[in-house]
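# Coordinate inspection notes
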Amino acid sequence: MKALWTFLLTAITATTLAQTGLIQGRISDAANNEPIPFANVIIVGTTTGASSDLDGNFKIENLTPGLYNVEVSYLGYKSQIEYEVQVFNNKPALLDFKLEADSKTLDAVVVKAKPFEKKEESPVSMRTIGVNEIERNPGGNRDISKALQSLPGVASSVAFRNDLIIRGGAPNENRFYLDGVEIPNINHFATQGSSGGPNGLINVNFIREVEFFSGAFPANRGNTLSSVLNFKMKDPRKDRIGGNFTLGSSDAGITIEGPIAPGHSFMFSYRRSYLQFLFQLLGLPFLPTYDDFQLKYKARINDKNELTVIGLGAIDQFKLNLDDDLDEEQQRIVDVLPVNNQWNYALGVNWKNYRETGYSELVVSRNMLNNDAFKYADNIEADTNLILDYNSQEIENKLRFENNWIKNGWKINYGVGYEFARYTNSTFSKITLPDGSIGEIDFSSAVDIHKWAAFGQVSKSFVSGRLLLSLGARVDGNSYSKQMAKTYETFSPRFSLSYSFDDNFSLNANVGRYFQLPPYTTLGFRNNAGTLVNRENGLKYIASNHAVAGVEYVNQIGLKVSVEGFFKLWENYPFLIRDSISLANLGADFGVIGNDEVTSDNMGRAYGVELLVQQKLWKGFYGILAYTFVRSEFEDYKGDFVPSAWDAQHLISFTGGYKFKRNWELGLRWRFTGGSPYTPADVETSSLIPVWNLNRGAIPDYTQLNSQRLEPAHFLDMRVDKKWFFKKWALNIYLDVQNVYAWRAEQPPGYILQTDNNGNAVIDPNDPNRYLLNQIQNTTGTVLPSFGIVIEI
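Report follows, based on the coordinates.

Conventions we followed
Residues numbered from 1 in each chain as written. Predicted model: local features only at pLDDT ≥ 70, side-chain atom pairs only at ≥ 80, totals over all residues. Heavy atoms only, no water. Helix = DSSP H or I, 4+ residues; strand = E, 2+ residues; numbered from the N terminus. Rg over C-alpha atoms; globule rule 2.2 N^0.38 Å. Contact = heavy atoms within 4.5 Å. Areas by Shrake-Rupley, 256 points an atom, 1.4 Å probe, with all protein chains shown as cover. Buried < 20%, exposed > 50% of the residue type's maximum accessible area, 1.4 Å probe, protein only. Polar contact = N/O pair within 3.5 Å; in protein donor to acceptor, adjacent residues only side chain to side chain. Pairing = 2+ DSSP bridges. Salt bridge = Lys/Arg side-chain N within 4 Å of Asp/Glu carboxyl O. Core = buried A, V, L, I, M, F, W, Y, C linked by side-chain atoms within 4.5 Å. Phe/Tyr/Trp six-rings, centres within 6.5 Å; stacked < 30°, edge-to-face > 60°. Lys NZ or Arg CZ within 6 Å of the ring centre and 35° of its normal.

### What about the overall build of the protein?
If you tally the helices and strands in the protein, you get 9 helices and 44 strands. For 793 residues, the compact-globule estimate of 2.2 N^0.38 gives 28 Å, and the protein sits close to it at 27 Å. Each of the three principal axes of the protein carries a C-alpha extent, and together these read 90 × 75 × 45 Å. Taking as baseline every contact in the protein between residues at least 6 positions apart, the subset at least 24 positions apart corresponds to 67%. Within the structure as shown, the protein displays about 32,100 Å² of accessible surface, and the carbon and sulfur contribution to it stands at 58%.

Next up, the structure:
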């Protein structure tokens, strides 16, 4: 213990004395990448700064390690502020500023920097979250999806999952991009046909910031109904080889980065989970293990051409905890859950070519998912016990070309896209039919689909820059069917408007129509006769119409207050014929969704109001307060609008913290979610002996779709960080505690068999075809402390 205290005191002393931190980077024109010489770079709130040289490069040296806000300004350009730049002793902080010319100034004045970025095409429903906000998020375990749950419009789950539920939409309605390369999923153990999972896949060490669009989607981002996430990655360091080691609550990882040759650099990471040990310690009935890999290669060929290569991959293995000391609820889960193994990867290349009045992008990528699952009755592997045998692959090869023309205040973006996709599926599954009998799904399927798209968007400022207007449109089509080849039917216009009353207040609005392809599981489903029944049923693109309007206040110390109202109307949503339920209600559980016969005639709607109060780091304090009122409804089997599974009604989140002296930091996050609807069990059908023996649990009664509602839930998470900065390395130790006051959140009730003294199931004395069932109350939530270490070298 004495040695430990000696180490800590030495570390604190070293931290106090060391002032060798460095911020360096390049300042260039956003349109043509030409360097901007003699630009002013300053540490906000100080007189410390520098000027860029003839090549646009700058350095600010002899800084004490810590967080800084850095502002860049130059005549005739809009100033920029980069918030919370982390400075170390052992490596430079790299910043790349791309300044936008401001046509109204005519090189006469410096345009004030605005703390929050506003895009012409998306002046509303777009928020940015930085890497430090992700890393220090209490209860988040450096997971991007969990950090996003602090924002308005984003519902959080009370279970061990990362589903993004945006403004009442399903988890399968989100799209993700890494440096412009589309990736299909950002979670381990992903639900096929959706996008959620229990753990994040993207390593936060690679991320600079995340742009989150909950509406007002740019025309070059298609196939989405609820959100778009643009992950902007850091450039690898160029001075020497370095990296970091992380040890968190669920995994350990290593990241290596550095130069390969002049203008060429790389970043690579590998992570391995030990979740199986944590879950076994907690007595959970399933034991997941994952590995993931991430790569970025950046080549600056010359001032006019740069190349980026990104790679992302994962191996997910899921086995059951078959220990003898499981309680009744844990045993029920073990009896129901299948064994699931997945692997996936995405690999893409983004080539950017700059010209005098803009730039072009060519993006080529390939991604693949392999998903296997099986289940045996009583978990005894024998042919006669087989309940589920599933194998599926999704392969996508994509090409997208974009051209950006920027001049005299005009911004024009246009382009085309092509994709070749192959989907295969081999399914054997025993199922419960609506009449209570047992049936089988048994088919193999292979579908090849060619997809195409074209898009364009024009943006311009008027009235001395106070009025911003943007008009865009997009069309999509594919070869799956004659219906989906009708490209004109997916014409999706969008229009945005923003008017600034002064430097602080603005009014923002957007209307748009968006389309998304149904999941491959639905496209490739065949009946037992081998027919693509959903193609025969006239499967269509899902459509969603959005209208958003809001007011916003922003000041110069990084405070933002905004209120937005939204309305969404869905059309052509797939409706499962066998279960009589909209696909929009599914996706927040493990497994596969959409692997069934559907019709494209379901409708839904959502509406609500969002409040956001956000303070960027200022005098040591930062915080986000978000409130959302949302109603989400979809049609049931009778055509009546009923609450969807995402109709939480009230969502409140406060995330904030304070940075103390000597690099101590305390963060808190409090979440409140209104009770979500759920569908009660069909106890009468579930108690039938063949039905129970197959499902080992109660099946839902979809004639009473979402007619019950859970009690509201709330949680408090806390995190404490301490950092030490040495000459050649840095250390961050943190303690994270989830659910500090041990709130137990209500879950839908479960059912178990009544058993006699010998543990045998009890038959209903009034009906020998049924078991007697007992209802059990179901809650979740426990205090979960975790300890983490991050070492920078």
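Back to the text.
### Looking at the side chain of E402
Tracing the sequence through the fold places E402 in strand β24 (residues 386-407). Using a relative accessible area of 2% as the deciding quantity, one classes E402 as buried. Among the polar contacts listed, one links the side chain of E402 to the side chain of N413, at a separation of 3.0 Å. With residues up to four places along the chain from it excluded, the contact list for E402 reads N220, R221, Y359, S360, E361, N413, Y414, G415 and F455.

### With respect to the pairing of strand β11 (residues 174-178)
Counting buried residues along β11, 5 of its 5 residues qualify, which places the element largely inside the surrounding structure. Burial along β11 is two-sided: the face carrying N174, F176 and L178 and the face carrying R175 and Y177 are both buried. Two strands pair when backbone bridges link them, and β11 and strand β16 (residues 227-233) are joined in this way by 5 bridges, in the parallel orientation. Residue pairing in the sheet places N174 in a bridge with S227 of β16. The sheet contact formed by β11 and strand β12 (residues 181-183) spans 3 bridges and is antiparallel. From the neighbouring strand, F176 faces β12, where its bridge partner is I183.

### Re the pattern of salt bridges
A full pass over the atoms with the stated rule returns 49 salt bridges. Between K296 and D235 there is a salt bridge, with its nearest N and O atoms 3.1 Å apart. One end of the pair, K296, is in strand β20 (residues 286-302); the other, D235, is in the loop between β16 and β17 (242-247), and 61 residues separate them in sequence. Judged by its relative accessible area of 24%, D235 is partly exposed. Residues R669 and D717 are paired through a salt bridge, measuring 3.1 Å at the closest nitrogen-oxygen approach. In this pair, R669 is assigned in strand β37 (residues 664-673) and D717 in strand β40 (residues 713-725), connecting sequence segments 48 residues apart.

### Examining the nonpolar core
If you look at soluble globular proteins, the nonpolar side chains tend to sit buried side by side. Grouped together as the largest cluster of nonpolar side chains are 49 residues, with contacts concentrated most on Y480, M484, L523 and Y573. What M484 contacts, discounting residues up to four positions off in sequence, is G477, N478, L517, P518, L523, L539, K540 and Y541. Core analysis: the second largest hydrophobic core is formed by 33 residues, L148, V181, A314 and I624 among them.

### Section: the packing of aromatic side chains
In this structure the tally under the stated criterion is 19 aromatic pairs. Their ring planes at 25° and their centres at 6.3 Å tell us that W670 and F672 sit as a pair that is stacked. On the basis of relative accessibility, which here comes to 31%, the residue W670 falls in the partly exposed class. The interplanar angle of 20° and the centroid separation of 4.4 Å between the aromatic rings of F726 and W729 together place this pair among those described as stacked. The buried category is assigned to F726, whose relative accessible area is 11%. Among the aromatic residues, ring-to-ring pairing joins F189, Y290 and F318 into one connected group. Sitting over the face of the ring of Y359, K352 holds its NZ or CZ atom 5.1 Å from the ring centroid. When the ring centre of Y480 is taken as origin, the NZ or CZ atom of R535, which lies over that ring, is 5.9 Å away.

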